[in-house]
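Analysis of the macromolecular model
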Amino acid sequence: MTVPPLKNDCFALPPGVEWTPVDSALAQLRDGLSAMTDHEVVSVHDALGRVLAAPVRAARAHPPYANAAVDGYGFAHDSLASAGSGDLAVLPLIPGRAAAGAPFHGRVPADRAIRILTGAMIPAGVDTVVLEEDVHVTDDTVTLRTGLKPGANTRRAGEDMDVDARALDAGLRLRPQDLGLAAALGVGTVPVQRQLRVAVLSTGDELVEAGASAKSHQMYDANRPMLCALLDRWGYDVVDLGRAADNPAEVGARIEDGRARADAVLTTGGASAGDEDHVSAVLRRAGVLRTWRIAVKPGRPLALANWDGTPIFGLPGNPVAALVCALIFARPALSVLQGAGWPEPMAMVVPAAFSKAKKAGRREYLRARLTPDGTAQTYHSEGSGRISSLSWAQGLVELPDEALQVTPGTPVRYLPFAGFDL
C-alpha cells in the first residue's frame, strides 16, 4: 500500500493534472460571447444603469446661448479705452438688467454698461462682464479697472458642446452624470439595450432559506441572496431559481428552466468532481462544459459552460469563492452580453502590510482593505467559508500565478470593490 505524503492543502495542484490559468480561462470565456441586439427607447428618467444601444448626439448646443458666468456688469470691451482715465474706466449704467430666464431685449450702447446676473443671456452690444466685487457703483455709473481681457466672465454658446455633437457613446452604462448631460442637451429619451436577464440557482441538500428553521446539519443559503443582490446592483433583471437538492434530475431541470427564462445562469455548489457535484456532471453530460480545472484560489471548482448560446457559470459553493469568481469571471462576461464591453478590474499597486509565501501555479485573491497609510491589509484567515471576511474587506489583493514572497512593503496589486461597482 502506497500512502501519499501529507500536504494538507486542498488547493494543491496535483502532478499530471492540467490546470487552466486564469488568463487563459478568461480568454476562452470572452471568445465565446457576443452582445445581445434587442433594444428599446426609454426616458432619461428611467435610464439609470442601462446600456446605450446607439450614440447620443446633442439636440441643442450647450450652453445654448452666450451667458454671464458671474453676477456683475456687462459692456463692450472696446468701451474701456474710450471711457478710461489712467487705469480706471467709468461707464454710465443704462436702465434695466439681464437675468437668467429674463433676458434684456434691447441693445447696450457703446460706452455703456448694464447690470447682469449669473446665467443671463449676454445682451446685444455686450462681450465682457466684470465681477460686482471688482467695481464701485453709484446710482448711474460703474467704475472699474481697465485690466480685464475681452470676453472675461462670459461663456460662449456651444463652448461645452455644439449641436449634433456626439455626447455619449454606444456601450456606455448610464450614470447619473450621463443622464444630466443628455437632459442638458435636450435629449429626453435614449436607446438602450434590453436589460440582461440572469438566473441564480443554489444547490445542496444542506441549504435552507435564511429565517427558516434549520436542523443541526443544515446551513442557511447565503450565496443566492448575495448573488441576486450583486446582479441587481449591476443593473440586471434577476431570475431567482431557488434551491435545488443534490439530485441530478432536479439540478438539470433547474438549469434548463434558467436557460429558458434568462440570458445567463449562475449556480453555486456542485461544480467539482465529487459524488454530489451534479452541476458539473450535468454540464459534462450535455457536452457543454468548456473549462473546469482553473488554477485560482479561492474558487478552484469553477465550471464555465456555454449551452447553445447561454453562458453557465458553475460557481463554488463556499461564499467567498462564489463572490470572488463572480467578480473575476461572471462580471466581465455579463457585461459583454449586455453590450457594455469587457471591463478590466480597476487596480492599483500599493505596499503590502502582510507577509505571505505564495506557491507557484495559481492566481490568488486575498480579501483586503487599505490602511490609513495606504497599505494593503489582508484578512487574518484565507478560509473560503468565512463570509464575514467579505463584509470586512474593501477589495482584493491579486497575487500572480508565479511564486512570490510577500513581506511588509512589497508592492502588490489591489482591486478595490468600488471598481467592481460594489
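About the criteria used
- Residues numbered from 1 in each chain as written.
- Predicted model: local features only at pLDDT ≥ 70, side-chain atom pairs only at ≥ 80, totals over all residues.
- Heavy atoms only, no water.
- Helix = DSSP H or I, 4+ residues; strand = E, 2+ residues; numbered from the N terminus.
- Rg over C-alpha atoms; globule rule 2.2 N^0.38 Å.
- Buried < 20%, exposed > 50% of the residue type's maximum accessible area, 1.4 Å probe, protein only.
- Contact = heavy atoms within 4.5 Å.
- Areas by Shrake-Rupley, 256 points an atom, 1.4 Å probe, with all protein chains shown as cover.
- Lys, Arg positive; Asp, Glu negative; His and termini not counted.
- Charge placed at Lys NZ, Arg CZ, Asp CG, Glu CD.
- Core = buried A, V, L, I, M, F, W, Y, C linked by side-chain atoms within 4.5 Å.
- 1 Å grid on protein atoms, 1.4 Å probe; cavity = no way out; pocket = protein on both sides within 12 Å on 5 of 7 lines; lining within 4 Å.
- Points joined across faces, edges and corners; volume = space filled by probe spheres on them.
- Nonpolar A, V, L, I, M, F, W, Y, C, P; charged D, E, K, R; others polar.
- Pairing = 2+ DSSP bridges.

Of regular secondary structure, the protein possesses eight helices and 29 strands. Its C-alpha radius of gyration of 31 Å places the protein more than 25% over the 22 Å reference for a compact globule of 422 residues. Viewed in the frame of its principal axes, the protein has a C-alpha envelope of about 110 × 50 × 45 Å. For the protein, the proportion of its 422 residues judged to be buried stands at 47%. In the protein, the share of contacts with a sequence separation of at least 24, taken over all contacts with a separation of at least 6, comes to 70%. Surface exposure of the protein reaches about 20100 Å², of which carbon and sulfur atoms provide 51%. Seen as two clouds, the 41 positive and the 47 negative side-chain charges of the protein have centres 4 Å apart.

Attention now goes to helix 4 (residues 223-233). Among the residues of helix 4, those classed as buried are Asn223, Arg224, Met226, Leu227, Cys228, Leu230 and Leu231. Where helix 4 is buried, its residues touch strand 14 (197-203), strand 17 (237-244), strand 18 (264-268), strand 22 (310-315), helix 7 (319-338) and helix 8 (388-392). The positive-phi residue at the C-terminal boundary of helix 4 is Gly235, with phi of around 90°.

So, on to the nonpolar core. Core analysis: the largest hydrophobic core is formed by 45 residues, its most contacted members being Phe313, Phe329 and Leu334. Every element with two or more residues in this core is listed here: helix 1 (22-31), strand 14, helix 4, strand 18, strand 21 (301-307), strand 22 and helix 7. Ala244, Ile255, Trp307 and Ile312 belong to the second-largest nonpolar core, a separate cluster that totals 17 residues.

It is worth spelling out empty space enclosed by the protein at this point. For the structure on display, the rule yields two cavities of 30 Å³ or more. Lining the largest cavity are 10 residues, and of these Leu29, Arg290, Leu304, Ala305 and Asn306 sit closest to its centre. Those elements that provide at least two residues to the lining of the largest cavity are helix 1, strand 19 (289-293) and strand 21. If you tally residues by element for the lining of the largest cavity, the top one is strand 21, at three residues. The class makeup of the residues in the lining of the largest cavity is five nonpolar, four polar and one charged. Volume-wise, the second largest cavity comes out at about 40 Å³. Tallying contributions element by element places strand 25 (residues 363-370) first for the lining of the second largest cavity, with four residues. In terms of residue class, the lining of the second largest cavity is built from three nonpolar, no polar and four charged.

So, about the pairing of strand 21. Within strand 21, five of the seven residues are buried, which leaves it mostly tucked inside the rest of the structure. Across five bridges, the pairing between strand 21 and strand 22 is antiparallel. The partner of Trp307 across the bridge, within strand 22, is Thr310. Between strand 21 and strand 22, which pair antiparallel one after the other, the connecting turn spans two residues, and Asp308 there sits at a positive phi close to 50°.

Honestly, it's all geometry; don't read function into it.
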